[in-house]
Structure formats: C-alpha cells, structure tokens
There are 2 protein chains.
Amino acid sequence: MSAVAGNSKAGTKQKLVEAAEALFADEGFDRVSVRDITTRAGANVAAVNYHFGSREGLLALVMARQINPVNEERLARLDALERKIGGKALPVEEVLDAFVRPFATQVRRSELSEKLFFKLMGRMFGQQGGELPPVVEALFVTVMGRFQRAFAKSLPGLAVEEIWWRMHLMAGAMIHTMAQADTLQRVSGGDSGTPGIEQTLSRFIRFAAAGMRQGADEPREESRSQGPQVEFSF
Amino acid sequence: MSAVAGNSKAGTKQKLVEAAEALFADEGFDRVSVRDITTRAGANVAAVNYHFGSREGLLALVMARQINPVNEERLARLDALERKIGGKALPVEEVLDAFVRPFATQVRRSELSEKLFFKLMGRMFGQQGGELPPVVEALFVTVMGRFQRAFAKSLPGLAVEEIWWRMHLMAGAMIHTMAQADTLQRVSGGDSGTPGIEQTLSRFIRFAAAGMRQGADEPREESRSQGPQVEFSF
DNA sequence: GTCTATAAAGTGATAGAC
DNA sequence: GTCTATCACTTTATAGAC
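1. Some remarks on the packing of aromatic side chains
Residues and elements named next belong to chain A.
Next up, step 1: Applying the stated criterion to the full structure yields 13 aromatic pairs over all chains.
Next up, step 2: On the numbers, 5.1 Å between centres and 70° between planes, the contact of Phe99 with Phe147 is edge-to-face. Residue Phe99 is found in helix α5 (residues 92-109), and its partner Phe147 is found in helix α7 (residues 134-154); the two are separated by 48 residues along the sequence. Across this residue pair, the class does not change: Phe99 and Phe147 are buried.
Next up, step 3: Here a set of aromatic residues connected by ring pairs shows up, and it is made of Phe103, Phe117, Phe118, Phe125 and Phe140.
Next up, step 4: In this arrangement the basic side chain of Arg74 is found over the ring face of Phe99, its NZ or CZ atom lying 3.8 Å from the centre.

Written out as structure tokens, the structure is:
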C-alpha cells in the first residue's frame, strides 16, 4: 500500500492529479503547494506547470473531475424519475434521493477513499466567494434550478422563495454531514456510531424530507388553508 | 466611512484585532498575511508579533473572541429554559431557538457587519481537521453535550446515536445557511429574496424542528410503536 | 517529457535603534 | 510601544539543458 502515489503504473500526469486530489481533500486548497503535490507524485517540481499550465489549472481540473460527474448524475436521475412518473409530482424523498445518491455512486468510481472524497466535496461546497471554476459553477447552477422546479412541483403549497431557502438548508445539512463526519465522532465521544453510507443517506433523506415538507400541503392531498407566515413565532 | 481600520480612536492592539477579524472573515484564515493585517490596521509589520506573539496567537484570539460568547449565551439560554420549565421536556423549537438565537444577539455586539460575522462563523465551523484553539474546542464540545441531553429529553423516542446525527444535520443546515447566504442569492438568481435575520431564524427553526422530530414520539404524547429503522427505505 | 537552476516575490519572525 | 532592516524560508513559475 503505497502511501505516496496512486497507481504506480499511471503516467506522471495522472499521478499528479491523484496526488493533488488526496492532498487538497486532506489539507485544503490553500495549504497544499505545488511542491507538496510533485513530491507526493514522485514527479519533478516543474511537472505541474508543464502538464496543467499552473497550480490553478490543476486545481480547476481536480474540482471539475470530482464534482461534475455528481452533478451530471443528479440531472440524469431526476430526468429518469420524471420520465417514469409522467407529469405528476414526485414524492420529496425521491427528489432528495436523486440529489444525494450520486455521492454514493461517484465515491466508488473515485480513486479516493470515502473519507477523502467527502472531505473534498465539503471543501468545494464550502468555498466562500464563488471561487469555483466556471464550468463547475455553471453545472451547479443548472442542477439547483432543475431541483428547485422539482421541489416546487412536489411541494405546491410553498412560495418560490421558501423553496430556495429550504433547499439551502437541505444542502447545508448534506454537505456538513458528509464533510464533517469525524467532527461528529470527536464531539459525541463515539456515541454517533459508525453507520454505513446507505444508513447515512437514509438518515439525511428522512431528516431533510420532514424539513422540506414542514407546513406544506402535499400534492393530491386536500388543501389545508394556512395563515400568512408571521415572523418569529417559529 | 473608513474602509481601512475600525474605530480610529482605538489603540493599535484593538485595531489589529478588528482588521484581522474583517480580513479573516472575508478572505479565509489561510489567505491573510500578517502584512495584510498590519497594513489595514495602519500599524507596523512587527506589531502583530509584539502584541500577540505570533500570527497564530492573533488568529486564536479572533476565533475565541467571536465564537465563545455565542457558545456561552447558548448555555445560558438553555439553562434559563430548563429552570423555567422544571424537570419537564422542552419543545424542540425552544431548544433550537436557544441554539441559534445567540448568533443574532452576538452579531449586534460585534464590530463586524452582519455579513462578515456570519462568514467568519462559517469559516470556523467549517474548519476541517480540528484546528480550533483548545479553549474554543472545549466550550464547543460542552455546548454540544448539553444540547444533546436537552434534545434527548425533548425527543424520548430516539436513540442516542440518532440524536447525534440529527444534531449534526441541524448544525450543518444552520452553518451553511448563515455562511453561504450570498451563494443562495447567486444561484437562485435573486428568487430567494432578502429576508431579515428574524425570518431566517424562524425558517431555520421550523425546518430543523421538523427534521429533528421526524418519526419520533413527542414527549407526553401517546407512545406510538415504531418498527426498527431499516436501512434504505428512506 | 523531464530535469536543474534560478528568478521574483512573498512569508513569519526578530534584533536592535529610537 | 513603534520603527527599520533584515534573516531565513517558502512560494509559483520559467528558461534552457538534456
């Protein structure tokens, strides 16, 4: 088990990508130098600039390579669900499943360990200031728009603004849960257990579905009138 | 409106702290140099090391100064609620309110703008790898333990492990919502509106309360038997 | 495609004058 | 308490040999 590079048969370029992914995930985008990467990959210091133009070029590639397949799969799953059900509204749980299950799919295709994969995802979504590469940002915006429409259909009692905020809360719960699993271990003193990925997905979906649905009319149910939502009475 | 330092009557030490807070919040802990801070504070490059021993010393002070009052107020609010209600269980909403309202209190006492305060909070909670100063980490662990017990009392149907995971999901939703409010603005194309802080707290509490309660027996209600929670059926 | 050598700038920290 | 000057190092990037 080589602690240094990934597949030792891989070319330098791929070894650099794999080293960069592991290091960025583990230590953060700002704390990893070109030298750290080339050393780990067993390559020359100049290799990053030769193969990727710059440190920034490699960083953008790493980000796109890991997150874009997740977002593509999200769209594919949502498309499939909507095709299957026709024009009707989907249960919130199905939409949430289409949103989170791609993490489980893609972590298996990744050369990264489960822990590092989720740390990397957390670092990308936690990026403040919109420093994501344009190609990543664009697909991300597309995904959020598509899911917003799906949730709006599933939760017809809610205003557009309310849907956006609940998606935001939902996404935060997801990201934090995945990226900070060891924090939970530490803080709980081990009382949080060590659930598998399916159980974590299931926990997330049940939690988020209840939050998304809160106070909303489910489609096809009898419409219950709701008073205007006043500020601060919970 | 001075874009450089805070109160120009403040001493150098305080100006350094205020400059550091604003810069760390806006750009991230790793991207701000000692020179950035001293320049913004209108102080000499050597001032940080004179007053705080090192860059790290200043960083630890900034973190503790901003997050510890939030955590102290959380404990005080929970204590007050529990004293008021005696030995009985609190409604989940009350516990959640004690958890998030201190952000609203402390942002007003802070010299930071609302936006920067929440960005800073997000950066601290988003820290991966447990790099928080010990005094901050210790209080944080205390707070989570106290709230875990409060939630366990409010949600007697749930296993300890389940409580921890729901708290984790809840905390993620909170952090993300606060720290990434402008991401939501950008992604929604403005459709998320510009709610005040009270409305955001209210939205969060309603979302999180539904998630925390999901499938649980409320205290004092008739006990509904629940089958074992199987993996993956949402 | 890989290497060495080096440029040019930035980093945190400190000795010592004032 | 503040300043200048400087140390010792690290950073990204590149020119040019192989």
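2. Points about the domain arrangement of chain A
All names here are of chain A.
Next up, step 1: Taken domain by domain, chain A consists of domain 1 (11-53) and domain 2 (63-213).
Next up, step 2: If you average the C-alpha positions of domain 1 and of domain 2, the two centres end up 28 Å apart.
Next up, step 3: Contacts between the two partners involve ten residues from domain 1, matched on the other side by eleven residues from domain 2.
Next up, step 4: Buried area between domain 1 and domain 2, both sides added, is near 880 Å², and the carbon and sulfur share of it is 64%.
Next up, step 5: It is Glu21, Ala25 and Phe29 in domain 1 that bury the most area against domain 2; as a group they hold 63% of the surface buried on that side.
Next up, step 6: Our enumeration of links across domain 1 and domain 2 arrives at two salt bridges.

Conventions and cut-offs
Residues numbered from 1 in each chain as written. Chains lettered and ligands numbered in written order. Predicted model: local features only at pLDDT ≥ 70, side-chain atom pairs only at ≥ 80, totals over all residues. Heavy atoms only, no water. Phe/Tyr/Trp six-rings, centres within 6.5 Å; stacked < 30°, edge-to-face > 60°. Helix = DSSP H or I, 4+ residues; strand = E, 2+ residues; numbered from the N terminus. Buried < 20%, exposed > 50% of the residue type's maximum accessible area, 1.4 Å probe, protein only. Lys NZ or Arg CZ within 6 Å of the ring centre and 35° of its normal. Domains from an automatic or database assignment. Contact = heavy atoms within 4.5 Å. Buried area = accessible area lost by both parts, 1.4 Å probe. Salt bridge = Lys/Arg side-chain N within 4 Å of Asp/Glu carboxyl O.

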